[in-house]
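Observations on the model geometry
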Amino acid sequence: LDGDAIVIVGDTLIIEPGSVIGLGASFEIRIEGTLLADSATFNQGGSIFSSAGFVRFSNCQFRSLQGGITFWGGSGKVDHCTIDRTSETGITFRETDSSSVRNSRISHSGDYGIKISQTDEVDVTDNLISGNSTHDFNHPALFIDSGSPQVIRGNIIEDNHGQGIGVWTLTETAAPRIEQNIVRRNFTGITLVNAPAHIENNIIVANYQQGNANSGAGIYAGYPSSQGVVMRNYIAGNYY
């Protein structure tokens, strides 16, 4: 691209297998209609922003983007993709319907790996979320803000510089189901802030940073309303 590109309402853009899209240092693909991409590569900075559109990425590679992928309204589906070395957040969902990220790798994002804000209809299943929060150690690799995603299941969340999973109630109750994940070797494992989450059948181990007394909670639950359900987890080798 040598400028921003917009897929307007009513239009469909299909990106075919083998395509390579260079986004330039700061250009944006904005989707107000429909974007379907299979086995394509997006690189060279820039960002992808869906504004109430429908987007489906399958088997795609996203390398060294600036702003990452944002789904704001509408629906976004990411399946069998790699999102690596995004300068900011890898994938953002806000106020979306029927959205998902499955069987994908989100790694080495400067900020959050995945951020879910004010939305319940997101399925995060069977992903590898690793090495994120390289620029901001206070931000979780998987951050859920004022929403209760339907499924957070079967993910490996490991070796992130900040929290593995962070769930915060800021404007609406955040009470997701977090099940069958492996959460290991992060700054902390799972952090709840006023969030009554359901945490079941996870493996939460070895979350700490050597010599850092502020790190290392397997599960941290802060503030009165963080009274969810914690059952049948394996929790070991954390500082706390």
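Quick summary incoming for the structure in this document. (Residues numbered from 1 in each chain as written. Predicted model: local features only at pLDDT ≥ 70, side-chain atom pairs only at ≥ 80, totals over all residues. Heavy atoms only, no water.)

Here we take up the overall build of the protein chain. What the protein chain contains, in helices and strands, is zero helices and 30 strands. Scaling as 2.2 N^0.38, a compact globule of 240 residues should have a C-alpha radius of gyration of about 18 Å, and the protein chain matches this with 17 Å. For the protein chain, the spread of C-alpha atoms along the principal axes amounts to about 50 × 35 × 25 Å. Taken across its 240 residues, the protein chain has 53% of its residues classed as buried. (Helix = DSSP H or I, 4+ residues; strand = E, 2+ residues; numbered from the N terminus. Rg over C-alpha atoms; globule rule 2.2 N^0.38 Å. Buried < 20%, exposed > 50% of the residue type's maximum accessible area, 1.4 Å probe, protein only.)

All right, on to the pattern of salt bridges then. By the definition in use, this model includes 12 salt bridges. Two residues, E200 and R232, come together in a salt bridge whose shortest N-O distance is 2.2 Å. Here R232 lies in the loop between β29 (229-231) and β30 (234-236) and E200 lies in strand β26 (residues 198-200), a separation of 32 residues in the sequence. Looking at E200, the relative accessible area reads 9%, which means it is buried. Salt bridges here are not isolated pairs; linked through shared partners, they connect R153, R177, E179, E200 and R232. (Salt bridge = Lys/Arg side-chain N within 4 Å of Asp/Glu carboxyl O.)

Side chains of D97, D120, E121 and E172 sit close together on the surface and give a patch of like negative charge. Within the element layout of this structure, E172 appears in the loop between β22 (163-168) and β23 (177-179). By relative accessible area, which is 44% here, E172 ends up partly exposed. (Patch = residues over 30% accessible without salt bridge, like charges linked within 9 Å, V, L, I, M, F, W, Y side chains within 5 Å. Areas by Shrake-Rupley, 256 points an atom, 1.4 Å probe, with all protein chains shown as cover. Lys, Arg positive; Asp, Glu negative; His and termini not counted. Charge placed at Lys NZ, Arg CZ, Asp CG, Glu CD.)

Here we come to the nonpolar core. Grouped together as the largest cluster of nonpolar side chains are 46 residues, with contacts concentrated most on F42, I48, F57, F62, I114 and I116. For I114, the contacting residues outside a window of four places in its chain are I91, F93, V101, I106, V124, I129, A141, L142 and F143. (Core = buried A, V, L, I, M, F, W, Y, C linked by side-chain atoms within 4.5 Å. Contact = heavy atoms within 4.5 Å.)

As a further point, take a nonpolar patch on the surface. Judged by side-chain polarity, Y208, Y239 and Y240 come together as a nonpolar surface patch covering roughly 340 Å² of accessible area. Its location among the elements puts Y208 in the loop between β27 (203-205) and β28 (219-222). We classify Y208 as partly exposed; its relative accessible area is 32%.

The next point concerns the environment of I156. Relative to the helices and strands, I156 is located in strand β21 (residues 156-158). For I156, a relative accessible area of 29% gives the class partly exposed. Sequence-wise, I156 and A175 are 19 residues apart; in three dimensions their C-alpha atoms are separated by 20 Å. Those residues within four positions of I156 in sequence are excluded, and the remaining contacts are N127, L128, I129, I182 and R184.

Note: most residues except glycine have negative phi, and most peptide bonds are trans. Its identity is not glycine, yet S39 carries a phi of approximately 55 degrees, on the positive side. Looking at where S39 falls in the secondary structure, it is placed in the loop between β5 (34-38) and β6 (41-43). The exposure class assigned to S39 is partly exposed, which follows from its relative accessible area of 31%.

Turning our attention to the environment of S226. Structurally, S226 can be placed in the loop between β28 and β29. Overall, the relative accessible area of 12% leaves S226 in the buried class. When the C-alpha atoms of S226 and A174 are compared, they prove to be 9.5 Å apart, with 52 residues separating the residues in sequence. Not counting chain neighbours up to four residues away, the residues in contact with S226 comprise L192, V193, N194, A195, P196 and A221. In this structure the side chain of S226 is engaged in a polar contact, spanning 3.0 Å, whose partner is the backbone nitrogen of A195. (Polar contact = N/O pair within 3.5 Å; in protein donor to acceptor, adjacent residues only side chain to side chain.)

Both strand β10 (residues 68-72) and strand β13 (residues 91-94) contribute to a ladder of four bridges, which runs parallel. Note that in β13 the partner of I69 across the bridge is I91. Across four bridges, the pairing between β13 and strand β16 (residues 114-117) is parallel. Residue pairing in the sheet places T92 in a bridge with K115 of β16. (Pairing = 2+ DSSP bridges.)

Attention now goes to the sheet that holds strand β17 (residues 122-125). Spatial ordering of the open sheet is given by β2-β5-β8-β11-β14-β17-β20-β23-β26-β29, a layout of 10 strands whose pairing is parallel. Every interior strand has two partners, whereas the edge strands, β2 (12-15) and β29, have only one. Strand-to-strand twist across the sheet, computed as the mean angle between neighbouring axes with direction ignored, equals 5 degrees. Pairing geometry for strand β11 (residues 75-79) and strand β14 (residues 99-102), over three bridges, is parallel. The residue bridging D79 from the neighbouring strand is R102, located in β14. (Axes fitted to C-alpha atoms, helices over the stretch in contact; angles between N-to-C directions.)

Taken by themselves, the reported measurements are silent on function.
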